[in-house]
Amino acid sequence: MITGIMFRDGIISASNNIANSRQAVDALNIFPVPDGDTGTNMSMTIGAAAKEMAAVPDDAPISEVSAKCASALLRGARGNSGVILSLIFRGMSKALKGIDEADSKAVARAFKMGTEAAYKAVMKPTEGTILTVIRKAAEAAEEMAEIQEDPLEVCYAALLSAREALAKTPEQLEVLKKAGVVDAGGQGLILILEGMNSVFGHDVIVQPLDGASVTPVSVPDKSTVAKASGDIEFGYCSEFLIEKAKNAPDKEPKKLRAYLESIGDCVVVVDDDNIIKVHVHSNEPGNVIQAALRYGQLINIKIDNMRYQHRNADTGVADGEKAVEPEIVQPENKYGFVAVCAGEGLSELFKDLGCDVVVSGGQTMNPSTDDIVNAVMQTPAETVFVLPNNKNIIMAAEQAVNLVSDREVRVLRTKTIPQGISAMLSFDEAQEADENQMAMSDAAEAVETGQVTFAARDSDIDGKPIKQGQIMGMCNGKIRYIGDDKNDIAFKTADKLFKRGEHSIVTIIFGEGVKDSEAAAVEEMLKNKYSNDIEISIVDGGQPIYYYIISVE
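All values derive from a computational prediction rather than experimental measurement.

Quick notes on the pattern of salt bridges
- One pass over the structure, following the stated rule, counts 24 salt bridges.
- Of the charged contacts in the structure, one is a salt bridge between Arg8 and Asp9, with a shortest N-O distance of 2.9 Å.
- Look at Arg8 and you get buried, because its relative accessible area is 11%.
- Salt-bridge contacts for Lys277 lead to Asp370; the nearest nitrogen and oxygen are separated by 3.8 Å. Here Asp370 lies in helix H15 (residues 369-377) and Lys277 lies in strand S3 (residues 275-282), a separation of 93 residues in the sequence.
- Residue Lys277 is classed as partly exposed on the basis of its relative accessible area, which comes to 22%.
- A single network of salt bridges, built from pairs that share partners, joins Glu127, Arg135, Lys136 and Glu139.

See the structure below:
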């Protein structure tokens with residue numbers, strides 16, 4: 001039987017195993033554009049679960065352990081690969097619900113439900129990816145469970161089949177075959193399964209190697225100490241998680257929220273299947289705790305005296321390692337907006353367009369689902385539109401929809417910064433949410449996007465060799481130009497997208513490593529060719545990774 005402690009240690013072992021090899025998994029990415037690499041995203045995602053597993057007691061049933069793991073994975077999911085991984089374990093946790101230990105049938109059922117959850121989340125499943133690997137593992141697990149009662153044998157059979165499936169991914173995807181590599185997401189999953197099987201089969205937790213741990217990307221602090229110059233009405237900030245209990249006297253989170261709103265402000269009550277996240281400012285922290293205990297046991301409890309913090313902040317007195325307080329607000333406006341972008345100039349631009357909160361992130365800094373949830377909770381609106389502005393962030397943003405219960409969250413599937421900008425410009429406060437979502441989505445899809453960046457690795461695209469460090473010009477995500485002069489590539493990219501008579505406006509957003517004069521030179525080249533038929537705007541975005549982001553409308 002697979003017990004809760006085995007599952008717990010298996011997740012910790014799996015996290016260590018993929019962390020040890022994450023750079024090798026990152027290197028499997030065949031597209032040369034620098035991005036939030038698969039190995040890093042998967043490692044950070046399961047790392048969030050491993051941290052939570054460290055606090056799980058030895059006698060916890062597997063149902064409880066798997067549920068906590070799934071919840072942590074969901075909140076910590078980064079990038080598409082991280083979201084898919086979280087959904088696999090979410091499906092597994094549903095299969096293990098209500099049992100203390102898992103037998104062979106339960107393990108097979110867990111693999112099957114994990115596979116189904118992952119496939120359902122992908123609009124157009126592609127074979128030769130992590131989806132194929134988990135599906136083959138599930139099929140092998142089901143076959144073995146029919147003839148073998150030992151669940152450890154079922155897990156090992158799933159691992160062997162997953163390895164075979166991974167080896168065949170180049171036969172299913174031509175791009176993998178040309179590059180001579182296997183699928184990165186599938187390889188990450190193998191490392192996770194191997195880490196778990198090390199515990200299941202040998203009772204050995206894979207240990208982290210020196211320097212292998214993943215350090216989360218650095219993002220600007222989204223929190224603040226109370227800054228009111230007068231008296232603070234509610235002096236204590238209480239924040240904690242509630243593990244839902246089956247036999248809890250109260251089960252409806254809305255009832256808890258109503259009570260907390262009656263004794264305080266800045267109330268946030270967010271729940272999923274197993275966890276309720278609570279935040280409130282009050283003068284009665286004891287009553288807050290007592291009310292919460294009616295729903296289950298409390299973990300990660302933090303109570304801060306905000307008056308004391310504010311006094312120390314004013315006088316410059318240090319307060320040890322006190323945590324600063326998240327700025328969380330109640331819904332007041334009809335509409336609000338959260339955008340993801342990197343670069344001071346772009347952040348200010350989105351704020352000027354009406355965004356309430358900007359999450360720092362993008363191509364190499366994929367924010368987690370929890371980051372997006374926190375941003376939504378800082379937005380004072382009944383309906384919050386989220387603009388991911390990157391195709392690798394969309395799935396993480398969509399997972400936030402079901403984690404927020406006191407306001408409506410709508411994710412616009414913006415894949416680029418220009419799409420996000422165009423969507424914001426098309427918003428009409430007088431329209432209803434459905435009409436706005438349609439109009440903003442249509443506006444985003446109508447934008448042509450050009451991007452100029454550098455090759456992060458040697459590659460081969462459509463028979464064209466690309467060397468690490470070369471400049472690439474992309475039109476709507478496809479590499480069109482390769483060279484050594486970023487201004488020349490920027491001109492060619494904009495020229496490729498712009499069609500006289502169909503387009504009239506070009507916006508050139510220049511980033512780190514580009515001077516004002518260089519952006520002006522690109523503008524001059526375009527004006528010389530198109531004269532009065534083109535209107536050009538230049539924006540200092542300050543974005544990393546991309547020398548230029550070009551919008552054509």
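Examining the state of the cysteines
- Under the defined criterion, the tally for this structure stands at zero disulfides.
- Cysteine Cys341 remains unbridged, with the sulfur of Cys355 as its closest cysteine sulfur at 8.0 Å.
- For Cys341, a relative accessible area of 3% translates into the label buried.
- When its relative accessible area of 6% is taken as the criterion, Cys355 is described as buried.

A short note on the confidence of the model for the chain
- Confidence along the chain averages 86 in pLDDT terms, with 91% of residues attaining 70 or more.
- Low pLDDT, under 50, characterises residues 214-230; the stretch is placed with 33 contacts to residues that sit more than four places away or in other chains.
- Contacts for the low-pLDDT stretch residues 313-326, under 50 throughout, to residues beyond four places or in other chains number 24 contacts.

Focus: a negative patch on the surface
- A cluster of acidic residues, Glu344, Glu348, Asp352, Asp516 and Asp540, forms a negative patch on the protein surface.
- Per-element tally for the negative patch: the top contributor is helix H14 (residues 344-352), with three residues.
- Within the secondary structure, Glu348 sits in helix H14.
- Using a relative accessible area of 41% as the deciding quantity, one classes Glu348 as partly exposed.

Digging into the sheet that holds strand S8 (residues 408-411)
- Pairing is parallel in the open sheet, where four strands are placed in the order S6-S5-S7-S8. The open sheet has two edge strands with one neighbour each: strand S6 (357-360) and S8. Strand-to-strand twist of the sheet, defined as the mean angle between neighbouring strand axes without regard to direction, takes the value 20 degrees.
- The pairing of strand S5 (residues 333-341) with strand S7 (residues 381-387) spans six bridges and is classified as parallel. Directly across from Phe337, in S7, lies its bridge partner Phe385.

About the thresholds
Residues numbered from 1 in each chain as written. Predicted model: local features only at pLDDT ≥ 70, side-chain atom pairs only at ≥ 80, totals over all residues. Heavy atoms only, no water. Salt bridge = Lys/Arg side-chain N within 4 Å of Asp/Glu carboxyl O. Buried < 20%, exposed > 50% of the residue type's maximum accessible area, 1.4 Å probe, protein only. Helix = DSSP H or I, 4+ residues; strand = E, 2+ residues; numbered from the N terminus. Disulfide = S-S within 2.5 Å. pLDDT = per-residue confidence, 0-100. Contact = heavy atoms within 4.5 Å. Patch = residues over 30% accessible without salt bridge, like charges linked within 9 Å, V, L, I, M, F, W, Y side chains within 5 Å. Areas by Shrake-Rupley, 256 points an atom, 1.4 Å probe, with all protein chains shown as cover. Lys, Arg positive; Asp, Glu negative; His and termini not counted. Charge placed at Lys NZ, Arg CZ, Asp CG, Glu CD. Pairing = 2+ DSSP bridges. Axes fitted to C-alpha atoms, helices over the stretch in contact; angles between N-to-C directions.

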